[in-house]
Structures are given as C-alpha cells and as structure tokens.
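So you can see what is in the structure, the chains are spelled out below.
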Number of protein chains: 2
Amino acid sequence: MSGRKVSERTIRRISHYARCLRTSRANGDRTVTSSWLSGQCGISSAAVRKDLTIFGEFGKQGSGYDVDDLLVQIENILGTCDSPSIIIIGAGNIGRALLKSGLEGTGGYTYSAIFDIDPDLVGTKCAGLTVKSMDDIHNTVSGFKKFIAVIAVTMGEGQKVVDRLNEAGCRSMLSFNLEPLKLPEGVEIRYIEVSTELDMLTHSLEK
Amino acid sequence: MSGRKVSERTIRRISHYARCLRTSRANGDRTVTSSWLSGQCGISSAAVRKDLTIFGEFGKQGSGYDVDDLLVQIENILGTCDSPSIIIIGAGNIGRALLKSGLEGTGGYTYSAIFDIDPDLVGTKCAGLTVKSMDDIHNTVSGFKKFIAVIAVTMGEGQKVVDRLNEAGCRSMLSFNLEPLKLPEGVEIRYIEVSTELDMLTHSLEK
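Residues numbered from 1 in each chain as written. Chains lettered and ligands numbered in written order. Predicted model: local features only at pLDDT ≥ 70, side-chain atom pairs only at ≥ 80, totals over all residues. Heavy atoms only, no water.

## Description of the domain arrangement of chain A
Examined at the domain level, chain A breaks down into domain 1 (8–78) and domain 2 (83–196). Each of domain 1 of chain A and domain 2 of chain A was reduced to a C-alpha centroid, and the two centroids are 30 Å apart. (Domains from an automatic or database assignment.)

## A closer look at unusual backbone geometry
In the Ramachandran plot, A127 of chain A falls in the positive-phi region, its phi being about 45 degrees despite a non-glycine side chain. Of note, A127 of chain A is situated in the loop between β5 (125–126) and β6 (129–130). (Helix = DSSP H or I, 4+ residues; strand = E, 2+ residues; numbered from the N terminus.)

## What to know about the pattern of salt bridges
Two side chains carrying opposite charge are able to pair once their charged atoms lie near each other. Applying the stated rule across the entire model yields 18 salt bridges over all chains. A salt bridge links R164 of chain A to D135 of chain A; its shortest N-O distance comes to 3.0 Å. Residue R164 of chain A is located in helix α7 (residues 158–167), and its partner D135 of chain A is located in the loop between β7 (132–133) and α6 (137–141); the two are separated by 29 residues in the primary sequence. Assessed through its relative accessible area of 29%, R164 of chain A is described here as partly exposed. The shortest N-O distance in the salt bridge between E157 of chain B and K160 of chain B comes to 3.2 Å. (Salt bridge = Lys/Arg side-chain N within 4 Å of Asp/Glu carboxyl O. Buried < 20%, exposed > 50% of the residue type's maximum accessible area, 1.4 Å probe, protein only.)

## A few points about the interface of chain B and chain A
Taken together, the 56 residues of chain B in the interface contact 56 residues of chain A. Surface buried jointly by chain B and chain A totals about 5,500 Å² across both partners, of which 62% is contributed by carbon and sulfur atoms. Three residues stand out in chain B for area buried against chain A, namely L201, H203 and L205 of chain B, and they jointly supply 12% of the buried area on that side. Summed over the shared surface of chain B and chain A, the result is six salt bridges. Between R19 of chain B and E193 of chain A there is a salt bridge, with the nearest N and O atoms lying 2.9 Å from each other. Viewed at the interface, chain A and chain B are joined by 28 residue pairs in polar contact (both at pLDDT 80 or more). Those elements that provide at least two residues to the side of chain B that touches chain A are α1 (8–26), α4 (67–78), α5 (93–101), β8 (147–151), β9 (172–175), β10 (188–191) and α8 (194–206) of chain B. Looking at the side of chain B that touches chain A, the element that brings in the most residues is α8 of chain B, giving 13 residues. A class-by-class count of the residues in the side of chain B that touches chain A yields 25 nonpolar, 17 polar and 14 charged. (Contact = heavy atoms within 4.5 Å. Buried area = accessible area lost by both parts, 1.4 Å probe. Polar contact = N/O pair within 3.5 Å; in protein donor to acceptor, adjacent residues only side chain to side chain. Nonpolar A, V, L, I, M, F, W, Y, C, P; charged D, E, K, R; others polar.)

## Some thoughts on the side chain of R190 of chain A
Residue position: R190 of chain A is located in strand β10 (residues 188–191). Within the structure, R190 of chain A has its side chain in polar contact with the side chain of E8 of chain A (distance 3.2 Å). Side chain to side chain, R190 of chain A and E197 of chain B meet in a polar contact 2.5 Å long. With residues near it in sequence (within four places) discarded, R190 of chain A still touches E8, R12, M173, L174 and S175 of chain A together with E197, M200 and L201 of chain B.

Set out below in structure tokens:
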C-alpha cells in the first residue's frame, strides 16, 4: 500500500478511524459498524464506507468490520504498524508538557528522548526520561530505524535545531515554533501554530 | 470586509503575513516588499502579491508595502484588530505550558483566564493568573465582548467542558483534546491533534 497517493484529508480521517478503533479494541469490542465510526468521528456513514473501500473490502454488509483486521489494514496504510520513534527538541514548557501528557493509547507512538541546548536543563528528569544534550543527538538517533523530531524550542532557535537535525539524518519534523524553517529537499515538516488557529477562529467569529 | 468568503488556506497565509509584519514593525521597518514576505513565509512572490491584491491595492510597484497600513488592512480581514479574549480550560500540563509560553508578539492575543474543575488546582497561580473554578466561567466571560476557549482537559472530560462553555455562550473553541466533541449549530471548533500530525508524517516517511 505504501507509495500509493492518498490525500492529506483522507489520511487525517483514517488517523481518526485508527484512534477510535484502538479505543474500541481497548474496550473489548470485536466488531464496529460504519455508522458507529461515523458517529465517533463526525463523518457521514457513506463517507466512512467510501474511505474504507478505497483500500479493499474490509467489511461485510450487515455484520460490520472486524476491529483487529481493520486496525491492521489502517496501520499498514499509515505506516504506524512499525511506528517511528519520536524525539522532542526543547525541554521548555511545551516540550515538557508534551512528554508528561504522553502519546500512548492514541497513535501508538512513544517519546523516546528529549534534548536541550541549555546546560542547566541537560541531566534533569522529566516523565521518566533524562534531558540529553544536543551533542548526543547523532548518537541517540543512530539507534532508531526511523524517527520524527518534535521541535519546541525558544523563538529564534528553530533554524539552528533544524540544521542539527538535518546533520543527524532527520527526514521528518513537527514544529511548535512559529518561525518559517528552511529545509533541504526530501525533508518533511508540519507546523502546529496556536496563533494561526486562533486567527482562523477569529475570522469565523467576524462572519 | 467581514462576511466575505475567504478560503481557509488564504486565511492561513494571511495569518503568516500578519506575524511577519508584526516582527518587521517591532524591528522598526517602515516598508516591506512582496519578495521579503515571500522569503519569510516560504510562498512565491507572485502568490503573495495575488493574495494582497484580493483585498485592494495596498502596495506600489517598486516601493513595496507600508508595514503599518498593510497590517491594519490584514487585521481588519482577520478580525484581530479587535482581538477576542482567550481563555484556557484545564490547568494541567498543556494548559499551563500554553499560559507560560504566552501569545504576545505573535497574533496579538492574550490569555485572559484559566479554569479547572480540580479543587486542588483552583486558586493556584500560573504565569500571573489565578486558576479559577469552572463555576466562575459564566461570570468571567460576561465581561468579554468576544472570546475563544482553548480546551486542554483530561481525556473523557472534553464533552462536559464543551457543554459548560455552550451554556456560557461560547461560540468558538480550540481543542487539544483528541475526543470528537458534539457542538450546537453555529459554534466553531478547531482541533490541534499531535497524534494525527504524527500519523501524517509517518505516512510520508513510508513513501
């Protein structure tokens, strides 16, 4: 399935299905219906069925979808059957909050390491991990098959971090920093921007 | 300009222009060129000029755009010339990290209040604000002309919070919770979902 072009919107919906299926599996459910997924995700049943048939015939009319089978298929599409390690760069407010909140039970990811450039923070503990120096990054990530770096550093420090990550072979980043970051070809970055989300909500309030 | 249909993608780009313009204003710059905005935002100059002409003729060929004028026009479009108050629901890891990180210098917003249901947290201080009880929400927001609620509560508590916010007249929410939340018509919600962003990056890594 990998290499197949799937739109960002579809991946987003499928990611939501995966989350709901993990919850239902944790609750001991064996099967789910498209109308249940529809209700959980706020997407029409017809759209859910259409999404799921893109990748093959998972469900049987009337009897619903087998939770385990569907989740395996979806995780194959997402690539989360073999989840990348997640590292956090920046042990400030946001970095520490992400680590404390954790990712278990949602996407099947775990935070594997946290780094900072501040010598006062290096060596301190947070949610069971010891904050490492940025100098250790190459050494740490060399043990990972694949990884994603979450960037949560002070404004103005983003590009330096990205350059260090590139040297360490990082191909995938999620940035909480608002700075526009320059990346070499083939490296993917996504941004989580609270102030842009607020701008979009504010614009809607004006209507 | 309000009421005009502007696409989400356009609003997102305009939000980025506004952020760059605030930085250049803080640096004492009087004018900026479309190629400067292009470089800062990672968007082509032609696309920047096209975006800006949608809303009228702000710039003069060759002399660039007046920073103050352009920012006023953009803030009129976004509605951030008269920014809504931002409240946080949930004084846990994420809520406190957001408050400590602040919003000044980015979107022109400020966090006005933080609430929690946990009596152990109510009354504690965080970044200069005292955590209020959810029972005070109606009283607090009645003093605001308009407001947006940022939801950062424990998994499973989201819908209860949304219901309380609806009772208090909230029309706009930004949720860090992964639960799908049910809202009455006319209430807008946006989600910040770290695990979905990671799923999208993981899918790209597979290609």
